[in-house]
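Fold and geometry: a report
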Amino acid sequence: MVDFSKLTRPKSTAAPIDPIEIFKKTPNLGDAPNDLWKGQAEALTLWHKGRSLADNVVILNTGAGKSIVGVLIAQSLVNEEIGPVVYACSTIDLAKQTERECERIGLKFTSRISGAFSNDLFATGKAFCITTYAALFAPITGFTKERAPAAVVFDDAHVSERLIRDALTLHISKTDYSALYGDLIDVVRPEFEALGKGQHLNFILEDVGQAGVTLCPPATAFRHRAEIIEMLKKHDYKNKESLFFPVVHLYEHIGMCAIFLSSGAIEITPPFIPTTRFEFLGPKVRRVYLSATLDYETDFVRGFGVRKAHRIEPDNDAGNGERLILLGNDLANPEGQKELATTLSTKNKVLVAVPSYTRAKRWSDLVVPPGPKDFTDQLNQFRQAKKGMFCLVSRVDGIDLPQDTCRIMLVDGAPTGSSLMEKYLFSTLGMTNLFSTKFSSRLTQLFGRINRGRSDYGAFLLYGNDLNVWLKNERNIALLPELLRKQVILGQSMQNDLGPVEHPQAVELVDSVLFRDKGWLQFYRDTIDGLEVSNDAIERVKARESQLAIGAEAECRFMSKLWEGDIDGARKPILDVLNDIAIADAKLAGWYSIWLGMTYEIEGDDETSGTHYRRARSRLSNWVNLPFKKVYKEGEFTADAKTAAHERLLSVNNSGPQALSDYIARIRAQINSVANSAQSSNQHEEAVRYVGELLGFSATRPDNELGMGPDVIWFDDTEKYLVAFELKTKKTTPADYTKDEVGQSLNHLQWIDENFKDYKSDGIFMMGPDGTCKANANPSDRIFHLTMERFHASVAQYLAQIEDVRGRTALERWTILNEMGQLPEWQLKGWFNRLRDRLLRDLKPQ
């Protein structure tokens, strides 16, 4: 018999899964940290408690040690033996940096940056794999079958949307693929010509006046999907790496993509990200997202399709360094950035950050950006140098220059993206709300390149009209982290007090920070805590971004369903949120309408697609390349739409008698909304805007979309005429109209005159209850008072005339509405005259 009592009992080999215990058991390798920082320990403890959740977001400031947190979490998941664990980095440099972090604290790992896996530890379940987003999101990847991730740690999750979008974008450079570029232009040209936009296409391709980017008519890719694939085959895409991987992603779905054109490139990409295309973004996979900033989740949701992930945000002050921020526009020489950089670099190091290589050429006589192969070596040389310049192009993350490695950054141009889609949405369509969160995140990350700890300090010189204007908008500043908001306000306050300073004084200001001038330090400490944007700006931004995050989730569901071929299922999530999105951001709602219209057009439903395209034109611009029905025929009747108002009536009647009833009901609901005091000012503004859209005009909300200008503008793009509204509908009766409110409207008129020089404007309506205009106010003869009752009654008169035709024969309806649509009183100028009742100054006490 075996005496089991004498046998050696094997020791348990189970590894700890608590990440803090894992850290305690790592070997002391000399360079390893002795202890975790408070924020790191708190983040790991909170994650461990919620480790079974599908989605955890760990938010730690730049410089707070996210990488150690991330690799300890990855090791914890490996120890739990849940299956393959992947650690995704945004760049190769950051992947290698993560490898060094693992080596520093003694963690084993596998890496797959390009080509094969570095060892078999990942395959055998003994280690996690460090890779890049590009490798993970590639259509042909090593992370499938038995290596399919059971958990993924996404580092730098705040830049994920751009990286995932890049994986799904086929970029065809005219320089690299001129023949393919030309063949694809030939494929899409008939689409422009069918809309009478052939000359517009030539304008873009010939780069007349730096024309920029245009969007092909939305159903172009669907109608020409076979031709596009054939052209790619003709030009041997399989043997061209930059084409091959995107084509594999898009091959079966290219008909659902948008096509953007410029004089130098073509981009084919889905209008939204189909997140369910990637199994590791689906159920049964645990995800941990590491982010330096996530005050607003809109772009995060766009990238991952996840809303309301569990947030882990420990209290830490890493990254909260001291900053002097000066705006170039407010210096004596707003175009003197090169001269100032040259002076500063004679005794300091200056990091010059530019958004593109085109912008970098302006600096070529002083500093040239390194190529990809030399980047790391030249950056290390700069770190070791005592003075000089280094040029950083379109990089807002992955570069660390803390403390004395660099204390001066000169930013020359807003950190915008380089994709054609982003340029089109931002520059052509002016979708500023859509990019505000992207912009604020990029700017925050850019500041973090040289300011990475509580004890760090530095000076930032910001040039470029786009960047300077953005930072002077209170609602934009409200998107930034709290301390950075305060520092931006402090810098602007200083410059307002000092006036336009010359370069010697600007150098003196920078020196006061770098050489720890006691006066500067005392001023900064005494002032910084008391600065903040208004509560109204913060609350408006929160409300808007909360709604836009809901829209972002709907975008992912829409595109995922299209990717699966379920067109009906795709429409529902967008239709469910469309009206609410229109209140938060009318231009984004217009973008949604384009792609809703596309889904109906490809099914042959021209009436419904036409409805969505009209909404898109009104909310965006008549320059959007959308089908536009101008000639209407029914039996003996034929009419050619002469104006926007005329086309609106003809198009509604074209859909039948019930459509007229629906049209009347929609307008009536909006004018009732304006009269409803229980609704918010935001809802009132959108209702007035939507009435203008329903009447056939382009209609926007500049204050909501740009943070400047009046609340609502109606445009007649054919007649080049506009009508502006400033709403005071939340005032109680009798209302007082103050000097400040009058001054605001005078500023709006000046803004309109400066920004819409091609349009005629006869004034602005201040819409609100009856009351008085304060005696000390001085409204001009272009400011009119408009009550909600008069607005309601005027629109009701229009509806009454349409009501009269509903019981008539088809020919009578066509004839009457055809004549009505051409009457002067229903054109935009006529509406101005109809609404105009009295000047605001007539309300002043006699």
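Coordinates for the structure precede this section.
Since we're looking at a predicted model, the values are computed, not measured. (Residues numbered from 1 in each chain as written. Predicted model: local features only at pLDDT ≥ 70, side-chain atom pairs only at ≥ 80, totals over all residues. Heavy atoms only, no water.)

Before going further, it helps to examine the overall build of the protein. Across its full length, the protein holds 34 helices and 26 strands. Computed over C-alpha atoms, the radius of gyration of the protein comes to 30 Å, within 12% of the 28 Å expected from 2.2 N^0.38 for 846 residues, which places it in the range of a compact globule. When its C-alpha atoms are laid out on the principal axes, the protein stretches across 105 × 70 × 60 Å. Taking all contacts inside the protein whose residues are at least 6 apart in sequence as the whole, residues at least 24 apart take part in 74%. Summed over all atoms, the accessible surface of the protein reaches about 35,500 Å², with 48% contributed by carbon and sulfur. Each charge sign in the protein was given a centre, from 102 positive and 111 negative side chains, and these centres are 3 Å apart. (Helix = DSSP H or I, 4+ residues; strand = E, 2+ residues; numbered from the N terminus. Rg over C-alpha atoms; globule rule 2.2 N^0.38 Å. Contact = heavy atoms within 4.5 Å. Areas by Shrake-Rupley, 256 points an atom, 1.4 Å probe, with all protein chains shown as cover. Lys, Arg positive; Asp, Glu negative; His and termini not counted. Charge placed at Lys NZ, Arg CZ, Asp CG, Glu CD.)

Considering all chains together, one arrives at 48 salt bridges under this definition. Here aspartate 400 makes a salt bridge to arginine 449, at a shortest N to O gap of 3.3 Å. Of the two residues, aspartate 400 sits in the loop between strand 14 (388-393) and strand 15 (408-412) while arginine 449 sits in the loop between helix 17 (432-447) and strand 16 (457-463), which places them 49 residues apart along the sequence. Judged by its relative accessible area of 18%, aspartate 400 falls in the buried class. Salt bridges sharing common partners tie together Arg619, Glu685, Glu686, Arg689, Glu693 and Arg701. (Salt bridge = Lys/Arg side-chain N within 4 Å of Asp/Glu carboxyl O. Buried < 20%, exposed > 50% of the residue type's maximum accessible area, 1.4 Å probe, protein only.)

In this structure the tally under the stated criterion is 44 aromatic pairs. Taking 5.4 Å as the distance between ring centres and 45° as the angle between the ring planes, the aromatic pair formed by tryptophan 520 and tyrosine 524 counts as tilted. One end of the pair, tryptophan 520, and the other, tyrosine 524, are both in helix 22 (residues 518-527), four residues apart, so they sit about a helical turn from each other. With relative accessibility at 6%, the residue tryptophan 520 sits in the buried group. Measuring from ring centre to ring centre gives 5.7 Å for tryptophan 751 and phenylalanine 756, while their planes differ by 70°; the resulting arrangement is edge-to-face. (Phe/Tyr/Trp six-rings, centres within 6.5 Å; stacked < 30°, edge-to-face > 60°.)

With respect to the secondary-structure elements, arginine 813 resides in helix 33 (residues 810-820). The exposure class assigned to arginine 813 is buried, which follows from its relative accessible area of 9%. Separated by 698 residues in sequence, arginine 813 and glycine 115 have C-alpha atoms that sit 69 Å apart. In this structure arginine 813 touches Asn653, Pro657, Leu660, Val805, Arg806 and Arg808, once residues within four positions along its chain are discounted.

General note: in soluble globular proteins, nonpolar side chains tend to be found buried as a group. Counting 72 residues, the largest nonpolar core has Leu461, Leu462 and Leu471 as the members making the most contacts within it. When residues no more than four places from it in sequence are discounted, the contact partners of leucine 461 are Leu326, Leu340, Leu344, Ile408, Met409, Leu410, Val411 and Val510. Ranked by size, the runner-up nonpolar core spans 71 residues in total, among them Ile229, Met256, Leu434 and Ala554. (Core = buried A, V, L, I, M, F, W, Y, C linked by side-chain atoms within 4.5 Å.)

If you trace the backbone, serine 681 turns up in helix 29 (residues 681-694). When its relative accessible area of 38% is taken as the criterion, serine 681 is described as partly exposed. The spatial distance from the C-alpha of serine 681 to the C-alpha of tyrosine 759 is 27 Å, given a sequence separation of 78 residues.

Bringing the sheet that holds strand 8 (residues 258-261) into the picture now. Spatially, four strands are ordered 6-9-8-7 in an open sheet, and the strand pairing comes out antiparallel. For this open sheet the edge positions go to strand 6 (170-173) and strand 7 (214-215), each flanked by a neighbour on one side alone. (Pairing = 2+ DSSP bridges.)

Right, let's talk about helix 27 (residues 644-654) for a bit. Owing to its 3.6 residues per turn, the α-helix brings residues three or four apart onto one side. Buried residues dominate helix 27, accounting for ten of its eleven residues. Those residues of helix 27 not exposed but buried are Ala645, His646, Glu647, Arg648, Leu649, Leu650, Ser651, Val652, Asn653 and Asn654. Two residues or fewer past helix 27, glycine 656 is found with a positive phi of approximately 105°.

For strand 16, a buried count of seven out of seven residues is recorded, marking the element as mostly surrounded by other parts of the structure. Neither face of strand 16 is left uncovered, since the one carrying Tyr457, Ala459, Leu461 and Tyr463 and the one carrying Gly458, Phe460 and Leu462 both have all their residues buried. Strand direction decides the pairing type here: strand 12 (residues 322-327) and strand 16, joined by six bridges, are parallel. Looking at the pairing, leucine 326 lines up with leucine 461 of strand 16. The pairing of strand 15 with strand 16 spans five bridges and is parallel. Looking at the pairing, leucine 410 lines up with leucine 461 of strand 16.

The next thing to look at is helix 6 (residues 160-167). The buried fraction of helix 6 is high, at six of eight residues. Of all the residues in helix 6, the buried ones are Ser160, Glu161, Leu163, Ile164, Arg165 and Ala167. Check the buried side of helix 6 and you find it contacts helix 5 (133-136), helix 11 (241-250), strand 9 (265-269), helix 12 (298-304), helix 16 (420-428) and helix 17.

Direction vectors running N to C along helix 16 and helix 17 enclose 120°, while the axes themselves pass 9 Å from each other. As the angle between them shows, helix 16 and helix 17 are arranged oblique. Pair helix 16 / helix 17 crosses with left-handed handedness. Residue-level contacts link Glu422, Leu425 and Phe426 of helix 16 to Thr432, Leu434, Phe435 and Arg442 of helix 17. (Axes fitted to C-alpha atoms, helices over the stretch in contact; angles between N-to-C directions. Parallel < 35°, antiparallel > 145°, perpendicular 65-115°, else oblique. Left-handed = near helix turned anticlockwise from the far one by under 90°.)

Here we take up the packing of helix 23 (residues 535-563) against helix 24 (residues 567-584). Taken N-terminus to C-terminus, the directions of helix 23 and helix 24 make an angle of 165°; their axes are 8 Å apart at the nearest point. By the criterion of interaxial angle, the relationship of helix 23 to helix 24 is roughly antiparallel. Considering only the axes of helix 23 and helix 24, their crossing is left-handed. Residues Arg544, Gln547, Leu548, Ile550, Gly551, Ala554, Glu555, Arg557, Phe558, Lys561 and Leu562 of helix 23 lie in contact with helix 24, whose contacting residues are Ile567, Gly569, Ala570, Arg571, Pro573, Ile574, Val577, Asp580, Ile581 and Ala584. Residue classes in the contact of helix 23 with helix 24 are distributed as twelve nonpolar, three polar and six charged. (Nonpolar A, V, L, I, M, F, W, Y, C, P; charged D, E, K, R; others polar.)

Structurally, the position occupied by aspartate 703 is in helix 30 (residues 702-706). On the basis of relative accessible area, aspartate 703 is assigned to the buried category, the value being 13%. Separated by 562 residues in sequence, aspartate 703 and threonine 141 have C-alpha atoms that sit 46 Å apart.

Following threonine 733, the chain continues to proline 734 via a peptide bond in cis, the omega torsion being -5°. The residue proline 734 is located in the loop between strand 21 (721-727) and strand 22 (735-737) in this model. Despite not being glycine, glutamate 81 has its phi angle at roughly 60°, a positive value. Along the polypeptide, glutamate 81 turns up in the loop between helix 3 (66-80) and strand 2 (85-89).

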